[in-house]
Structures are given as C-alpha cells and as structure tokens.
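Architecture at a glance
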Amino acid sequence: FASPLFLGVGKTTLIQKVTQALKSTGVPIDGFYTEEVREHGRRAGFDVVTLSGKRGPLSRVSSDSSASRRECRVGQYVVDVASFEQLVLPLLRNVNLGSDAERKICIIDEIGKMELFSQPFIQAVRQTLSNSGTVILGTIPIPKGKPLDLVEEIRSRKDVKVFNVSSIKYSQRAFCSRVQVCVWICLK
C-alpha cells in the first residue's frame, strides 16, 4: 500500500475536507488533526482534535523565558506532551488492533516537531506504518533546518506518496479528489 502525505501550507484544511469525503464511504476511519487556537486575534497555540471530537492542548505560547530545561519547546510554544499522548496513543493503538485484512484509514495531522517530542508516538506511528491493513493519510512539514528523523524516514519510504500542498496548481476540490483517488487505490 501507499500512504499519501501532505507537505506545506493549508494541510489541516485539506485533511479535513478529504476526511469528510472519506467518512461517507463506510471505510473505518479514525485519527486526529491539529487546530490553531486563537485568543484576542492572536495564535495562542494548538489543540489536538480527534475525529470522534475529543480535544486537548498540544501547545501554548509561553512568555516565560526562564522555563524549565525539561520543558519541550518549539519556538515560543511549550508542548504539552502528556495531553497529546493521552489523546493520540489510545487512538493509534486502536487503529493497530485487528487483522491486516481489515482495511482502514488513519488520519495523522501532523507528524512534526511538537508531536515528535513523544517517543511512544514515534513508536506508534512506525507500528501503524507497518500495518498493511491501514492506509495513513497524514501531514509532514516541509524540510527546513535540522531534519526530523521520523519525517525523513517516512518521506523516503517507497510505499508513501507525498503531495506538496504549497505547490498546488489546481483547485482545492481537484486536489482533494486526487488525494481521495490515491487513498482508494491504497485500500485495494
């Protein structure tokens, strides 16, 4: 199978559109996406939202520059690894249950710096990738700065199809249709 992955900008919006279309087909689908949290017109952080509607903080802006060295930070954001793991790990474990013959779709938005502070998440993603019954529709960041090991590992897999969202040369609808077709091919 192959797993389509998005790079670039507008990833979550596209993931949500494709997910809605795939949900209507009856194929088992589960997963999560990240959503920007805004307060007073400014980005305050990100939440993790599961497809079943559970929500929890992924990160929040921290102005405290004397923060603990054990804190996981990406720029101005402090990552709430415990909250992330509490929502996402049971979901990924559940996706990996059952036989490889049972075809299913797993949405993972995003596999990025914040999420990769969790070693159990890294292991769960690798296990999901090795499950031949699961098609992953996920997002990864555009490479910049120091490479992220798991992201590069995914990007280099022969069974992964990468779509670069920042270079969409056609409509969002056409792009979403193209991704849906790719998912359907992977499910066969």
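My aim in this report is to walk through the structure given alongside it, one point at a time. (Residues numbered from 1 in each chain as written. Predicted model: local features only at pLDDT ≥ 70, side-chain atom pairs only at ≥ 80, totals over all residues. Heavy atoms only, no water.)

**Some points on the layout of surface pockets**
Here is the rule: The pocket and cavity definitions rest on a 1 Å grid over protein atoms only: a 1.4 Å probe that fits but cannot leave marks a cavity, an open set with protein on both sides within 12 Å along at least five of seven lines marks a pocket, and residues lining either have an atom within 4 Å of a point. Grid points are joined across faces, edges and corners, and a volume is the space filled by probe spheres set on the points. Helical segments are the DSSP runs of H or I of at least four residues, strand segments are the runs of E of at least two, and each set is numbered from the N terminus.
Put simply, the second largest pocket is a space of about 250 Å³. Together, K113, L116, F117, I122, R126, K144, G145, K146, L148, D149 and L150 line the second largest pocket. Elements with a minimum of two residues in the lining of the second largest pocket: helix 3 (119-130) and helix 4 (149-155).

**Examining unusual backbone geometry**
The backbone phi angle of H40 is positive, close to 55°, even though this residue is not glycine. Checked against the element boundaries, H40 lands in the loop between strand 2 (29-39) and strand 3 (42-50).

**Remarks on the pairing of strand 8 (residues 134-139)**
The condition is simple: Exposed residues in this analysis have more than 50% of their type's maximum accessible area, buried residues have under 20%, and partly exposed residues fall in between, with area computed by a 1.4 Å probe over protein chains only. Two strands are counted as paired when DSSP detects at least two bridges linking them. A crossover gets the label right-handed when its path from the first strand over the helix to the second runs clockwise, viewed with the strands pointing away from the viewer.
Most of strand 8 sits out of view: 6 of its 6 residues are buried. As judged from the 5 bridges shared by strand 7 (residues 104-108) and strand 8, these two strands associate in the parallel manner. In the strand pairing of strand 8, I108 is matched with G138. Each parallel crossover has a hand, and the one from strand 7 via helix 3 to strand 8 is right-handed.

**Overview of the pairing of strand 3**
Taken across its 9 residues, strand 3 has 7 buried, putting it largely inside the fold. Turn length for the strand 2-strand 3 hairpin, with the two strands adjacent in sequence and antiparallel, is 2 residues, and the turn residue H40 shows positive phi of about 55°. Note: strand 3 against strand 4 (residues 55-61), 5 bridges, orientation antiparallel. Looking across to strand 4, one finds that V48 is bridged to G56. Where strand 3 folds back on strand 4, the antiparallel hairpin that results is connected by 4 residues, among which G53 adopts a positive phi of roughly 100°.

Without other data, these values stay purely geometric and don't point to any function.
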